[in-house]
Amino acid sequence: MGKRFTLLAGLLATAILWGTDQASAETILFVPQDNRPVSLAYTVDTATGAGYTVITPPEYMISGRNYHGEADEIWQWVSDNASKADIMVLSTDTLVYGGLVDSRKHELSLQLLTGRADRIAELHQKYPDIPIYAFGTVMRSPRASGGGVEPSYYDNYGPTIFKIAALQDKLDSKGLSRAEQAQLFSLEAGVPVEYLQDWFNRRQKNMAVNRRLIDETRKGVFKYFALGHDDTSSLSQSALESRYLKDYSKGLSQKRYGSFPGADQLGLLLIARAHVDRLHLKPTFEVIYPLGGGGETIPHYEDQTVAKTIAEHITAVGGTLETSGKPDILLAVNTPLGKVTGESEAFENFPMISQSTNNFLDHIQRAVEEGVPVSVADIAYSNGSDNTLVYGLYKRQMLYKLDAYNGWNTASNTIGYAIAQSILGKDMDAQKHKDMLTQQYLDNWAYQANIRKDIYRMQDSIRVDNVRYTGTLNDKLQEYMNERVQDFAEKYLGIDPRTVSATFPWGRLFETDITVYDTPSVPLQRDIRLQREAEARAKAEAEAKAKAAAEAAAKAQAAAAAAQANGNAQQGAAAPATTAPAAQ
């Protein structure tokens, strides 16, 4: 079987990055927040494509869909392998709680948690010459959730808990009216007290851990520490906690610490930051938007403007914003006409080129033709591409002329990946760079913005449970999705469909894992389906023939039996009567 876009360990690469010769590849020890593709596979794919050797803990230790991460085992693995690394990029959620989801559900003591956090400082003391880039999260406050990624009671009480926390945030920051105070008391009475205690107690522990990590940042343990705000909104418990942590971190240099929206992009963003530091780069970015909300857009699942989020990510990666001259990277950020983002699966997300989109595409095309590297951050919709924009790139034959393209999940996730991949992509050879783009187009454009809605309709016709979050996926959904992705790759991207495959890694329909192979080594799902259909037809025809033969035989046998019975009857009728002798 051909290799995945992920390269084997030990790969060496040479390239030119902004005039700097890259030496032989270095080794990154990477501890991800979980084993989802965006956290693990896509991140490692990008880093190894850029020439790095990436070592990670065995996947059975890493937090997954149906099992906890093994924090103590991962710590042992880190201890055993740290000496092999030139750079360490570490998820503190994994090292402290076991993983991102584990951070929301654990029942661990504060003493154990802070003890694990302190081990990072011990690691730095043992290996002072190996820079540590770490990332953690402020525990999220979702409006609702399911599928086992929150405490079990959140399925029923989550929306109410969210409203309670939002009012408490407002009470802390602005104050409440009498009506709002009454609403808060009423909401609190509607949730069992043990559930509220469990939720808030866990958050207090996590806050203590984050303060500990900020303290370690002050002491120089981390080359850079990023604290992400996982799925938040302007009034929420996450926003309240982030506000207090902001005060606690006052005085820290932006070169060493940043706290901003998002979680899933942080691993790759810090690998890019390590790359920038190692090669002493100073990447400059110019940001452009189409007509509409632009930088003032406040996306779904986030609590601040896009412009602020972009600036924070650029600072985190070691770059600067430029408004004049030729930038190293043009970040083309696709925002909606209004100031609120939509959902990519919505009916209105169909390709309909407008003048504003054409003007935006013109700007991108001119930059590419002038030799300016362009990275597109497509955030007009959450959870997938803007069909109008990407179809416009397709019609202009611009898909593979970009340095990077991203349009997935939340705006901050997309922005972080768009910045990181635009930096790391410069060190990829042509094929690796094409593979990176292919992976994003098939995930963000093909599946999320187009195929997913058909999968949902198909699901509704064959199942009764909500497989978007829970349940066991029907094989038909998996096979249909894989065939559609392969067909899309051939039709719109012009690549051999036997070099791509798609799966549902966590059994959820809103998330897929796109694998791109070096050689055509994947069976065509269409051929498998056609073969099955042919075999089913042959079987049905054979069964029909056998049934017809059996029926004909039975009919012949019945006819023979009837003929025999009729012949016997005729013989009986022709026989002479027997007369008894007369009496003498």
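Residues numbered from 1 in each chain as written. Predicted model: local features only at pLDDT ≥ 70, side-chain atom pairs only at ≥ 80, totals over all residues. Heavy atoms only, no water.

Trainee: Report on the sheet that holds strand S4 (residues 53–55), specifying residues and quantitative values.
Mentor: Backbone-to-backbone hydrogen bonds pair the strands of a sheet. The strands run either parallel or antiparallel. In space, the 6 strands of this open sheet follow the order S4-S3-S5-S6-S7-S8, with parallel pairing throughout. The outermost strands of the open sheet, each flanked by one partner alone, are S4 and strand S8 (257–261). On average, each strand axis in the sheet is tilted by 20° relative to the strand beside it, whichever way the strands run. Two strands pair when backbone bridges link them, and strand S6 (residues 132–138) and strand S7 (residues 224–229) are joined in this way by 6 bridges, in the parallel orientation. Paired with Phe 135 across the bridge in S7 is Ala 226. Those strands touched by helix H10 (residues 266–278) are strand S3 (27–31), strand S5 (87–91), S6, S7 and S8, and its axis lies near 155° from that of S6. (Pairing = 2+ DSSP bridges. Helix = DSSP H or I, 4+ residues; strand = E, 2+ residues; numbered from the N terminus. Axes fitted to C-alpha atoms, helices over the stretch in contact; angles between N-to-C directions. Contact = heavy atoms within 4.5 Å.)

Trainee: Please provide a residue-by-residue account of the side chain of Asn 406, values included.
Mentor: Mapping Asn 406 onto the fold places it in strand S15 (residues 404–406). Only 3.2 Å separates the side chain of Asn 406 from the side chain of Gln 421, close enough to count as a polar contact. (Polar contact = N/O pair within 3.5 Å; in protein donor to acceptor, adjacent residues only side chain to side chain.)

Trainee: Help me get a handle on the packing of aromatic side chains, residues and values and all.
Mentor: Summed over all chains, the structure comprises 16 aromatic pairs. When the centroid spacing of 6.1 Å and the interplanar angle of 35° are considered together, the rings of Phe 225 and Tyr 257 count as tilted. One end of the pair, Phe 225, is in strand S7; the other, Tyr 257, is in strand S8, and 32 residues separate them in sequence. The burial state of Phe 225 is the same as that of Tyr 257; both residues are buried. Cluster of aromatic residues (ring-pair linked, three or more members): Tyr 391, Tyr 394, Trp 445, Phe 488 and Tyr 492. When the ring centre of Tyr 248 is taken as reference, the NZ or CZ atom of Arg 218 above it lies at 5.7 Å. The ring of Tyr 400 is capped by Lys 434, whose NZ or CZ atom sits 5.3 Å from the centre of that ring. (Phe/Tyr/Trp six-rings, centres within 6.5 Å; stacked < 30°, edge-to-face > 60°. Buried < 20%, exposed > 50% of the residue type's maximum accessible area, 1.4 Å probe, protein only. Lys NZ or Arg CZ within 6 Å of the ring centre and 35° of its normal.)

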